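Each chain, written out:
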Amino acid sequence: MRVRVDGVTAHVADDASVLDAVRAAGGEVPTLCHDDRLTAVGSCRTCLVRSGGKVVAACVTPATDGALIEVAADDLRTLRREAVELIVSALPSYALAGGGELSRVCHSLGITPRAAQGPRGRGRDDSHPYVHLDRDLCIACGRCVRMCAEVQGTFALTLVGRGSGTVVAPGTGGLWADSDCVACGGCVDTCPTGALTEPGLPIGGGAPEPAHTRTTCGYCGVGCSLDVLTGDSGVIAVLPDHDGPVNRGHACVKGRFAHGFLRSPERLTRPLLRRAGRLEPVNWHDALEHVARGLRAAVAAGGPDAVAAISSARATNEENYLIQKFMRVVIGTNNVDNCSRLCHAPSAAGLTAAFGLSGGTDRFDDVETADCLLLVGANPVEAHPVVGARLLQRVLRGARLVVADPRAVGLARYADVHLRPRPGTNVALFHGLAHVLLAEGLIDEEFLRRRATGLPELTALLAGYSPRRAAEITGVPAEDIVAAARLFGRAERPAIIYGLGVTEHLHGTDGVRTLANLAILRGAVGTGRGFGVNPLRGQNNVQGASDMGALPDLLPGYGKVTDPAARARAEHVWGAPVPRRPGLRIPEMFGAARVGELRALWVIGEDVCATDPDSTHVIQALEACPLVVCDELFLSETARRADVVLPVASWLEKEGTFVNFDRRFQRVRAALDPPGEAITDFEVVHALAAVLGADLGCPTPAEALAECGRIAPVFAGLSHERLDREGAVAWPCPDPDRPGEATLYRERFATPDGRAQLSAAPYLPPGEQPDDRYPLVLITGRRWAHYNSGGMTRRTDNLRLDSVDRLDVHPADAARHGLRDGDPVVVESRHGQARLVTRTTDDMAPGQLFCAFHFPAGGVNTLISGWGDTVTSCPEYKVTAVRLAAPSGAD
């Protein structure tokens, strides 16, 4: 539409408001109750303008084509000033002392602090570690309440009181710390007056302007864009980027607030070397010389394959690239792996087999427009809160939702159909759904004929997976299987989103492939008639670590080490031979160390003693290995057992890139320097190579990414310069002058024959089975306040939000074992023992338990078996047979 604002012509979208038109013309008006991320309400009346001859609130008035809008007229300015003065008059004298939104508005209108003459006395609530409330500054604009409802979806806040006494409060009553608040920080971010603040964040009043650094979050795999504010004392605050391509001005408790670990007195600042059984500080020269001697000795004793490295999903792409290059070029082995082995290796294998590439099929922006969401084995409300919030908003706006998860958590509470399969029966469930799609003709026959293979084999297999048979295996009622299949099958734009509840199984790759069958049967991949199959990656760069070739069988860009052409590309760029034989996977590394075949292990940013399964055997492996080197921020459980510990930079202290869960490359920028003598992993690898007499080239992260693009054509169009300019670019991106392929397979699949591959894998039972001695099944996962082994979050005030590892128990199971909320409990498996705290909840089905692994002292991963996915060796974290016992000495 074409409008004129004070004589200036502007063009705006058909659904634009008058406020949009004013801004498009370069104008501005106060908007104390308005936030562009929220529904407009027009309650503050501070944005008054004249449109069509009438005085209107700009934020709630639709613009019309040809409209004449007045903003600068004296009478309008007076009306806006009076509206703001009325609001300010009820506030105490210090209300305009800061530099927040209200202060800026008043300054622009010539309103002085003397206008604030209201009383004090409504009090404060400082009970929460991250959100503080000053009730005297609340103007009841409702922005915080709408933010909590419309963006976060927690509905934790409300307005209470009447008239001028109205104020924001937790919906549960009582203290903020005891409320349903999940500390996303959205309410603080949107508050215009400073009524809601976070500790340490200055809101003006003469405070020096902090430095701003835009970077990408280093916690989960969502890839939130953040603005880091720093001053002389370090990080002042971390704020969500309002233009963030994934988070769109939102964040979660971890990315927003969990940066206190940077100031922890436990932070490593000098290298440590084990002497006479003790780790002692040394200089970098001595530490690296010791490592180099150990590596030479290992190669001399057992050849290059006597050395292995576990790279890191928390390291940048450039660091992962350099680490795998170091292992292949300097050491001469393919023994390099990363923690995707423990989580989404089955995704890479399954998606590659089905479609040709290892990443999700569609960008999340498109998935969010689906009319039916099938969410499987994931609790994004806690593990990926920004994604969970966006999915919830889609459901609240009318999308149908099917959740398949044993637990009744997160989005399951909003599901049209909630399928609760027995742990380990995913394949049978997916076959049951596919059976209904075929039987009721809810398939795309033309797509299957032209663009898929394997239908006859799958059809024959599915004859044995009727809803009734699937119900017998999974425990899901047959009628629910039918209802879920019909919702998915009749949708115009279905999408599948899944998590570790699909992959961390003995048959995790089969789970991914049979889940992909559902999208293929519906023709919902590469057609625009649906949004494919999309894994929620667990860690910030678990996608990128694999993309960069930190895998024992794959080079950067997923070229196989057994493929002469892929090796030749790498050898041409590196000027060195690439080993032909695939290296050891992480579980195989530990096995080789225990039998004396692995003589040097470099663990980069992973606390394998806390996160890997069957922790007792992991510890035995480290103790048996002659040289264990660990790059770390803190003295983790793994670092305590290392021979050399190297202090390194965190994600807030380094340059590079991450790849998020929907394949977007984004920049990582250093907001401050690492403490003491700590350096980046990138610098460590270069320094160690130099001591060994090698030059890895690519001296900067930017040059490392460019070199990677010369080996891997799918990354050839990417560069730091481009990302700095464009913000985020998806791979594949072979051309620097063309966009990345956010949506895959529009013309053909990347499989050898160009068609999607249906899988006829039969259901097979999990490796762990309950019995009379171990009658319960344990599932492990994440809680909302912590991340992975908790090495960072436990060193922040997140510990006040979640201070213990809890065991979720169904009330019937708790009663049978004489347990109540808060009771200590011992969990025993065939492999180990853990000590936790009881939490009774109907979230669990009888006979099933859940706990996280954020507190290594609890010993949760000592419980997990050595079973792993038959294709990728991903551990079976989601099915462990256990029993409960009272702690020794308990009544």
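Refer to the structure presented above.
Residues numbered from 1 in each chain as written. Predicted model: local features only at pLDDT ≥ 70, side-chain atom pairs only at ≥ 80, totals over all residues. Heavy atoms only, no water.

1. Description of the overall build of the chain
- Helix and strand content of the chain: 29 helices and 36 strands.
- Over its C-alpha atoms the chain spans a radius of gyration of 28 Å, differing by no more than 12% from the 29 Å that the globule rule assigns to 891 residues.
- Put simply, the chain has 891 residues, and 62% of those count as buried.
- Pairs at least 24 apart in sequence give 72% of the contacts found in the chain among residues at least 6 apart.
- For the chain, the accessible surface area stands at approximately 32,200 Å², while carbon and sulfur atoms represent 51% of it. (Helix = DSSP H or I, 4+ residues; strand = E, 2+ residues; numbered from the N terminus. Rg over C-alpha atoms; globule rule 2.2 N^0.38 Å. Buried < 20%, exposed > 50% of the residue type's maximum accessible area, 1.4 Å probe, protein only. Contact = heavy atoms within 4.5 Å. Areas by Shrake-Rupley, 256 points an atom, 1.4 Å probe, with all protein chains shown as cover.)

2. Considering the packing of helix α8 (residues 317–331) against helix α25 (residues 681–691)
- Orientation of α8 relative to α25, taken along the N-to-C sense of each, is 20 degrees, at an axis distance of 9 Å. If you check the angle between α8 and α25, you find them roughly parallel. As α8 runs across α25, the sense of the crossing is left-handed. Contacts between α8 and α25 involve E318, E319, L322, I323 and F326 from the first element and D681, F682, V685, H686, L688 and A689 from the second.
- Across the contact of α8 with α25, the residue classes tally to 7 nonpolar, 1 polar and 3 charged. (Axes fitted to C-alpha atoms, helices over the stretch in contact; angles between N-to-C directions. Parallel < 35°, antiparallel > 145°, perpendicular 65-115°, else oblique. Left-handed = near helix turned anticlockwise from the far one by under 90°. Nonpolar A, V, L, I, M, F, W, Y, C, P; charged D, E, K, R; others polar.)

3. Here we look at helix α16 (residues 467–474)
- Taken as a whole, α16 has its buried residues at P467, A470, A471, I473 and T474. Projection of α16 onto a plane perpendicular to its axis shows the buried side chains occupying an angular sector of 165 degrees, all on one side.
- Those residues of α16 that are buried are in contact with α13 (426–439) and α17 (478–490).
- Looking one or two residues beyond α16, the residue adopting positive phi is G475, at roughly 80 degrees. (Arc of directions from axis to C-beta.)

4. Quick notes on the nonpolar core
- Core analysis: the biggest nonpolar cluster contains 157 residues, and F326 and F355 have the highest contact counts within it.
- No other element matches the 8 residues that α13 contributes to this core.
- Excluding residues within four positions of it along the chain, F326 makes contact with L295, I331, W602, V685, L688, A689, L692 and L696.
- In this structure, V88, I111, A116 and F257 belong to the second largest nonpolar core, which totals 38 residues. (Core = buried A, V, L, I, M, F, W, Y, C linked by side-chain atoms within 4.5 Å.)

5. Comments concerning the sheet that holds strand β6 (residues 124–125)
- In space, the 3 strands of this open sheet follow the order β6-β7-β10, with antiparallel pairing throughout. The two strands at the open ends of the sheet, each matched to only one other strand, are β6 and β10 (196–197).
- As paired elements, strand β7 (residues 132–134) and β10 share 2 bridges and run antiparallel to each other. By the bridge assignment for β10, H132 is matched with T197. (Pairing = 2+ DSSP bridges.)

6. Focus on the packing of aromatic side chains
- Scanning the model with the defined rule gives 13 aromatic pairs in all.
- Between Y219 and Y787, the aromatic rings sit 5.2 Å apart at their centres with planes inclined by 85 degrees, giving edge-to-face as the arrangement. With a gap of 568 residues between them, Y219 in the loop between β11 (211–216) and β12 (225–231) and Y787 in the loop between β31 (776–781) and α28 (798–801) connect regions that are remote in the sequence.
- Here Y219 falls in the buried class, since its relative accessible area comes to 1%.
- Directly above the ring of F850 sits R407, whose terminal nitrogen or CZ lies 3.5 Å from the centroid.
- Sitting over the ring of F634, R795 keeps its end group 4.0 Å from the ring centre. (Phe/Tyr/Trp six-rings, centres within 6.5 Å; stacked < 30°, edge-to-face > 60°. Lys NZ or Arg CZ within 6 Å of the ring centre and 35° of its normal.)

7. Describing a nonpolar patch on the surface
- The grouping of F155, L396 and Y414 at the surface amounts to a nonpolar patch, some 280 Å² of accessible area in total.
- Here F155 is to be found in the loop between α4 (143–152) and β8 (157–160). (Patch = residues over 30% accessible without salt bridge, like charges linked within 9 Å, V, L, I, M, F, W, Y side chains within 5 Å. Salt bridge = Lys/Arg side-chain N within 4 Å of Asp/Glu carboxyl O.)

8. A closer look at the pairing of strand β27 (residues 656–659)
- The alternating pattern of β27 places G656 and F658 and T657 and V659 on opposite faces, both of which are buried.
- Sheet analysis places β27 next to strand β28 (residues 664–668), joined by 4 bridges and oriented antiparallel. Its bridge partner lying in β28, V659 is registered against F665.
- Two successive antiparallel strands, β27 and β28, enclose a turn made up of 4 residues, where R663 displays a positive phi of approximately 70 degrees.

9. Quick word on the sheet that holds strand β33 (residues 824–829)
- Read around the closed barrel, the 6 strands follow the order β31-β35-β32-β34-β33-β36; overall the barrel is mixed. This sheet shows a mean twist of 45 degrees between the axes of neighbouring strands, independent of strand direction.
- As paired strands, β31 and strand β35 (residues 848–852) are joined by 5 bridges and run parallel to one another. Note that in β35 the partner of L778 across the bridge is L849.

10. Regarding the side chain of T31
- Secondary-structure assignment places T31 in the loop between α1 (18–24) and β3 (48–51).
- Contact partners of T31, with chain neighbours within four places excluded, come to L19, R23, C44, T46, C47, E101 and R143.

11. Some details on the environment of V882
- With respect to the element layout, V882 can be found in strand β36 (residues 880–885).
- Taking C-alpha positions, V882 is 6.5 Å from L778, a pair spaced 104 residues apart along the chain.
- The contact partners of V882, leaving out residues within four places of it in the chain, are Y774, P775, L776, L778, V827, E828, S829 and L849.

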